[in-house]
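Structure assessment
Listed below are the residues making up each chain.
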Amino acid sequence: MITDQHPLPTPFTASSTATEVLDGVDLTGRNVVVTGGHGRLGREASRALAAAGAVVTIASRDTDRASAAVAGIPGVRVEQLDLTDPASIDAFAARWTASGRPLHALVNNAAMLFAPDRRLDARGNELSFSTSHLGHFRLTRALLPSLLEARGARVLNVTSGAARFGQIRWDDPAFASGYDAAAAYGQSKRANVLFTVELDRRYADRGIRSFAAHPGVIIGPGSRIASYREQGLVDDDGATVIDPEHGKKTIEQGAATLVFGAASPLLDGVGGVYLKDSDVAVIDDEVRPLTADSIPSDANSTMLDADDARRLWEVSVRLTA
């Protein structure tokens, strides 16, 4: 039973930005790692955390691209990390541990979106599951000594409303048969939430709290994919529809829930929950269709299931061994 899964409430709304969420929050002396922190949501979250005083390390597969994207943002540095490569993950964690720096917040943000064709990493894992979940699972466990050293750390797993319908294919997580892009993405997002639940159960009493954050739907300018129009995400001219009360947000609004989970003192004493609109989301177990006017994204009981969370942890240990 997830007893903390209910709104606090907070003073924030769906329209709040990352800057507003961190207004008055002093992160001086805090070390934060953000995977994929150079693009869109990750960049805005990294910028806001650094502006509040944190020293932010962006972990990126392409360090040249990442360095160019965050050039000029004070308090931000870039290091190499490929979440699909165990050796790269272990090397990043070893460098961090050797530096002696405590890690106050780990923002597991990097992800792979819908891939029309089945793709695998070098170990045979489906690539979105490998990037979004297995890589972050291995990274988080490798960084546990530094997270424990912070004596009050947070792990923030960026998920999406797709966790509501995503299913873990326990007998075939790599989609050896029946590959479907939406199902693969949904599996990876469900895994983000289940990982959050079990990580918090295992480490809350040792000072590590874990959160899953749904940022909303953020569509870049000029997107003309037909399904985006059908979903009400862009208009007939391809212009992005911004309607935060219905989950359609700007980058600044989307990043708000990320930094809320990573650093807001309003979450002190809470953990193992799914966040939305810079608050703990309600639980809604009704089956709700996706329409142009409605993007279901509240928590449901199945994404928070403790037995599934334990089972996924065991599967993830095996797949990352």
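In case you missed it, the structure is sitting above this.
Residues numbered from 1 in each chain as written. Predicted model: local features only at pLDDT ≥ 70, side-chain atom pairs only at ≥ 80, totals over all residues. Heavy atoms only, no water.

Notes on the layout of surface pockets
Its volume calculated, the second largest pocket comes out at about 260 Å³. In terms of lining, the second largest pocket is formed by 20 residues, of which the most central are Arg-30, Gly-152, Arg-154, Ala-263 and Asp-268. Of all elements in the fold, only strand S5 (153-158) and helix H9 (251-263) reach the threshold of two or more residues within the lining of the second largest pocket. Residues of the lining of the second largest pocket, tallied by class, amount to 10 nonpolar, 5 polar and 5 charged. (1 Å grid on protein atoms, 1.4 Å probe; cavity = no way out; pocket = protein on both sides within 12 Å on 5 of 7 lines; lining within 4 Å. Points joined across faces, edges and corners; volume = space filled by probe spheres on them. Helix = DSSP H or I, 4+ residues; strand = E, 2+ residues; numbered from the N terminus. Nonpolar A, V, L, I, M, F, W, Y, C, P; charged D, E, K, R; others polar.)

Here we look at the side chain of Asn-125
Residue placement: Asn-125 occurs in the loop between strand S4 (105-108) and helix H5 (127-142). By relative accessible area, Asn-125 is classed as buried at 9%. (Buried < 20%, exposed > 50% of the residue type's maximum accessible area, 1.4 Å probe, protein only.)

Details of empty space enclosed by the protein
All chains considered together, the criterion is met by 2 cavities of 30 Å³ or more. Estimates place the volume of the largest cavity at around 90 Å³. Lining the largest cavity are 14 residues, and of these Leu-83, Pro-86, Asp-121, Leu-134 and Thr-320 lie nearest its centre. Secondary structure elements with two or more residues in the lining of the largest cavity: helix H4 (86-99) and H5. If you tally residues by element for the lining of the largest cavity, the top one is H5, at 4 residues. Here the residues of the lining of the largest cavity sort into 5 nonpolar, 5 polar and 4 charged. As a volume, the second largest cavity reaches approximately 30 Å³. Of all the secondary structure elements, the ones that give two or more residues to the lining of the second largest cavity are H5, helix H7 (181-203) and helix H10 (306-319). Grouping the constituent residues of the lining of the second largest cavity by class yields 6 nonpolar, 2 polar and 1 charged.

Quick word on H7
With 23 residues, H7 should reach 33 Å at 1.5 Å per residue; the first-to-last C-alpha distance of 33 Å fits that figure. Counting buried positions over the 23 residues of H7 gives 19, a clear majority of the element. Put simply, Asp-180 is the residue that caps the front of H7, since its side-chain oxygen is 3.2 Å from the backbone nitrogen of Ala-182. (Expected span 1.5 Å × (residues − 1). Polar contact = N/O pair within 3.5 Å; in protein donor to acceptor, adjacent residues only side chain to side chain.)

Considerations on H5
The sharpest bend along H5 reaches about 30 degrees and sits at Leu-134. Of all 16 residues in H5, 14 are buried, a share of seventy percent or more. (Bend = angle between axes of the 7 residues up to and from the residue.)

So, the environment of Ala-68
You can see Ala-68 is positioned in helix H3 (residues 63-69). Separated by 30 residues in sequence, Ala-68 and His-38 have C-alpha atoms that sit 8.7 Å apart.

Considering unusual backbone geometry
Note: most residues except glycine have negative phi, and most peptide bonds are trans. With an omega of 0 degrees, the peptide bond running from Leu-8 to Pro-9 counts as cis. Among the secondary structure elements, Pro-9 is positioned in the segment before helix H1 (18-21). A positive phi is found at Ser-278, a non-glycine position, where the angle reads about 55 degrees. Secondary-structure assignment places Ser-278 in the loop between strand S7 (273-276) and strand S8 (279-280).

Focus on the packing of aromatic side chains
The geometry of an aromatic ring pair is captured by the separation of the ring centres together with the interplanar angle, meaning the angle of the planes. Under the criterion given, the structure shown has 6 aromatic pairs. The interplanar angle of 80 degrees and the centroid separation of 5.7 Å between the aromatic rings of Phe-175 and Tyr-179 together place this pair among those described as edge-to-face. Accessibility expressed as a relative area gives 21% for Tyr-179, which makes it partly exposed. An aromatic cluster of at least three residues, connected via ring pairs, comprises Phe-137, Phe-195 and Trp-313. Positioned over the ring face of Trp-96 is Arg-101, at 3.8 Å from the centre of the ring. We note Arg-169 situated over the ring of Phe-175; from NZ or CZ to the ring centre the distance is 4.1 Å. (Phe/Tyr/Trp six-rings, centres within 6.5 Å; stacked < 30°, edge-to-face > 60°. Lys NZ or Arg CZ within 6 Å of the ring centre and 35° of its normal.)

Keep in mind these numbers describe shape, not what the thing actually does.
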